[in-house]
Amino acid sequence: MVRRNDQRRAALVDAAIEVLAAQGARGLTFRAVDTEAAVPAGTASNYFANRDDLLTQAGARVYERLRPDEATIARQRTAGRDRDTYVQLMRELVDRVSSFRTGYLALLELRLEATRRPGLRAVLTERIREDIDANVAYHEASGLPGDAMAVKLLILALNWLIVEQLTLPDVFTEEERDQLVTAAVERIVVADGPDRG
C-alpha cells in the first residue's frame, strides 16, 4: 500500500534527487533514500510502488523545483521587450538552474537511465516536450523578439552551458559564461523590427 503524506513524500523525493546527484542511478535504492532523508528504514518502500516510480517522481520534482517563483514571473512580465532584456532573462535562467546543482545533476542521471528504461524515457520525453512547449508559449505571449526556433536553440545551447558549469566549472569563468549567454541571444534571436535589438 502506497502512503499519502505529501510532505513526507516530497522529502523522500528530494532525498532521491540528492542520492542521484551524489551516487548516480545505480546508487538510488530505497535504503539510500531512507538514509538521506533521515527516516526509518523501509519508509521509502511505503511511498513508492517500485524503483521506476521513484525515478519518475524524482524527475518530476526536479522540474517542479526549477520553475521560477511567482515574484520572478511577475517581474519578467513587466520587463522590457528587447534583446537586452532577453539576455538578462537568460542569465537569470542559467543562474537559477545552476544554483540547483544536485537537481540538474540528478536530471542528467535520469536521462542516462532513460536510455535503459523505456518507461522512464517515455515519461521524461513527455515532460521535456511539455517544458519546451510551455517555454515557447510563454515566449510568444511575452512579446520578446525571436520565434519558437530561437527559443529551442537557446534551450539547447544554454543547457550545455549549464552542464559545463556544473560538471567542469573551471572551463569558463563567470564573466565568460555571461558573455556566452549574451552572444547566444544576440546570434540566435533575430530582431523583429527596427526598434528591437
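Just above, that's the structure.
Computed from a predicted model, the values in this text were never measured in an experiment. (Residues numbered from 1 in each chain as written. Predicted model: local features only at pLDDT ≥ 70, side-chain atom pairs only at ≥ 80, totals over all residues. Heavy atoms only, no water.)

### Here's the deal with helix α5 (residues 70-77)
Logical step 1: If you check which residues of α5 are buried, you get T72, I73 and Q76. Looking straight down α5, one finds that the buried residues subtend no more than 100° of arc, so they occupy a single side. Turned more than 90 degrees off the buried face of α5, the exposed positions are E70, A71 and R77.
Logical step 2: Its buried side turned inward, α5 meets α6 (83-99) and α8 (118-142). (Buried < 20%, exposed > 50% of the residue type's maximum accessible area, 1.4 Å probe, protein only. Helix = DSSP H or I, 4+ residues; strand = E, 2+ residues; numbered from the N terminus. Arc of directions from axis to C-beta. Contact = heavy atoms within 4.5 Å.)

### What to know about the side chain of E113
Logical step 1: Note that E113 resides in helix α7 (residues 101-114).
Logical step 2: A relative accessible area of 7% means that E113 is categorised as buried.
Logical step 3: Aside from chain neighbours lying at most four places away, what touches E113 is A25, R51, L55 and L120.

### Examining the layout of surface pockets
Logical step 1: By volume, the largest pocket is sized at about 1300 Å³.
Logical step 2: Taken together, 41 residues make up the lining of the largest pocket; nearest its centre are Y63, L93, D131, N135 and I155.
Logical step 3: Of all elements in the fold, only α4 (51-66), α5, α6, α7, α8 and α9 (148-167) reach the threshold of two or more residues within the lining of the largest pocket.
Logical step 4: Class assignment of the residues belonging to the lining of the largest pocket gives a composition of 27 nonpolar, 5 polar and 9 charged. (1 Å grid on protein atoms, 1.4 Å probe; cavity = no way out; pocket = protein on both sides within 12 Å on 5 of 7 lines; lining within 4 Å. Points joined across faces, edges and corners; volume = space filled by probe spheres on them. Nonpolar A, V, L, I, M, F, W, Y, C, P; charged D, E, K, R; others polar.)

### Re the packing of helix α1 (residues 6-23) against α4
Logical step 1: Two numbers describe how α1 lies on α4: the axes approach to 9 Å, and their chain directions differ by 95°. On the basis of their axis angle, the class for α1 and α4 is roughly perpendicular. In this structure, α1 uses R9, A10, V13, D14, A16, I17 and L20 to contact α4, whose residues at the interface are L54, L55, Q57, A58, R61, V62 and R65.
Logical step 2: When the residues that make up the contact of α1 with α4 are grouped by side-chain class, the tally is 9 nonpolar, 1 polar and 4 charged. (Axes fitted to C-alpha atoms, helices over the stretch in contact; angles between N-to-C directions. Parallel < 35°, antiparallel > 145°, perpendicular 65-115°, else oblique.)

### What to know about the nonpolar core
Logical step 1: In terms of nonpolar packing, the biggest core is built from 51 residues, with L20, L28, V33, Y86, M90 and L110 touching the most fellow members.
Logical step 2: For this core, the element with the most residues is α9, which contributes 8 residues.
Logical step 3: Sequence-distant contacts of L20, that is, excluding residues within four places in its chain, are made with A25, L28, L55, A58, A106, E109 and L110. (Core = buried A, V, L, I, M, F, W, Y, C linked by side-chain atoms within 4.5 Å.)

### Considering unusual backbone geometry
Logical step 1: Phi at A38 takes a positive value of approximately 55°, unusual for a residue other than glycine.
Logical step 2: Along the chain, the position of A38 falls in the loop between α2 (30-37) and α3 (43-47).

### What about the pattern of salt bridges?
Logical step 1: Considering all chains together, one arrives at 9 salt bridges under this definition.
Logical step 2: Between R51 and E113 there is a salt bridge, with the nearest N and O atoms lying 3.9 Å from each other. Of the two residues, R51 sits in helix α4 while E113 sits in helix α7, which places them 62 residues apart along the sequence.
Logical step 3: Judged by its relative accessible area of 24%, R51 is partly exposed. (Salt bridge = Lys/Arg side-chain N within 4 Å of Asp/Glu carboxyl O.)

### Re the packing of aromatic side chains
In this description, a pair of aromatic rings is defined by centroid distance and the angle of the planes.
Logical step 1: Inspection of every chain in the model, using the stated rule, returns 0 aromatic pairs.
Logical step 2: Lying across the ring of F48, R9 places its NZ or CZ 5.3 Å from the centre. (Phe/Tyr/Trp six-rings, centres within 6.5 Å; stacked < 30°, edge-to-face > 60°. Lys NZ or Arg CZ within 6 Å of the ring centre and 35° of its normal.)

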